[in-house]
Amino acid sequence: MKIKKCPVCGIGTLKKRIENEPFEYKGKQITIPNYITYACAECGEAVVDPITLKESGKILKDFQREVDGLLNGAQIKAIRMKMGMTQEQLAEIIGGGLKAVARYEIGTVCQSRGMDNLLRILDAYPETLKVIQKKIGTGKRIAQVIDIEDVRNKKNYRYPGEAYSIDKIGGAAYGT
Ligand SMILES: [Zn+2]
């Protein structure tokens, strides 16, 4: 950032300052080193360097999650990698979209408690993934797990958007 006039008073010039900046969240403290601000000698106002603001924002979100007992970005990424999933695939499982997953991981957004619990369950019991995957499958995949008795009773099971014939689902056994 170039030396420029103070945006507040318009008189003084901004001077770069590098400090250890303390932050507090729910009574817990964290200090961010090399925190860059540009302060005005005239009015005393200071603006935070945009890169510092972005980087410290991620550190603070992780700190906030730690204080709140939530998984941090690196932990969420580790769980996803362990399950061998892309961000997109994880987004499909836990909801919220691809952007949300990316944000949880880089630390610009905190996940909810419920989301955090789900991630912990998936981490501890990866086999539960199958339960969720069955639910979010396409109509065709769900149709395949429909109770065949149900299909038999209704003759022509109709799934939203698509009509399934008994032949398609149950095979030859019910066609005769
Ligand atoms: Zn000023």
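Residues numbered from 1 in each chain as written. Predicted model: local features only at pLDDT ≥ 70, side-chain atom pairs only at ≥ 80, totals over all residues. Heavy atoms only, no water.

K.L.:
Provide a residue-level description of unusual backbone geometry, including the pertinent values.
P.N.:
One non-glycine residue, K26, adopts positive backbone phi at about 50 degrees. Among the residues examined, K26 registers a relative accessible area of 60% and is labelled exposed. If you check the backbone angles, N34 has positive phi at about 50 degrees while not being a glycine. With respect to the helices and strands, the residue N34 is situated in strand 2 (residues 28-40). (Buried < 20%, exposed > 50% of the residue type's maximum accessible area, 1.4 Å probe, protein only. Helix = DSSP H or I, 4+ residues; strand = E, 2+ residues; numbered from the N terminus.)

K.L.:
Let's hear about the confidence of the model for the protein chain: which residues, and what values?
P.N.:
When pLDDT is averaged across the protein chain, the result is 80; 74% of the residues are at 70 or more. Overall, residues 138-159 carries pLDDT values under 50, and its contacts beyond four positions in sequence, including any with other chains, amount to 31 contacts. Counting interchain partners and residues more than four positions distant, the pLDDT-below-50 stretch residues 162-176 has 24 contacts. (pLDDT = per-residue confidence, 0-100. Contact = heavy atoms within 4.5 Å.)

K.L.:
How would you explain the coordination of the zinc ion if you had to name every residue and give the values?
P.N.:
Bound to the zinc ion are the protein donor atoms C6 (SG), C9 (SG), C40 (SG) and C43 (SG), situated 2.3 Å from the metal. If you look at the zinc ion, its four donor atoms make angles of 106 to 118 degrees with each other, and the shape they trace is tetrahedral. Positions of the donor residues of the zinc ion, expressed as sequence spacing, correspond to C-x2-C-x30-C-x2-C. (Donors = N, O, S within 2.8 Å, 3.2 Å for Na, K, Ca; no water. Tetrahedral: all angles 85-135°; square planar, octahedral: opposite > 155°, others 65-115°.)

K.L.:
Account for the pattern of salt bridges, naming residues and giving values.
P.N.:
In total, this model carries seven salt bridges according to the counting rule given. As a salt-bridge pair, R17 and E19 come within 3.8 Å of each other at their nearest N and O atoms. Note that E55 and K58 form a salt bridge whose closest N and O atoms lie 3.8 Å from each other. In this pair, E55 and K58 are both assigned in helix 1 (residues 50-67), three residues apart and thus about one turn of the helix distant. Residue E55 is classed as partly exposed on the basis of its relative accessible area of 41%. (Salt bridge = Lys/Arg side-chain N within 4 Å of Asp/Glu carboxyl O.)

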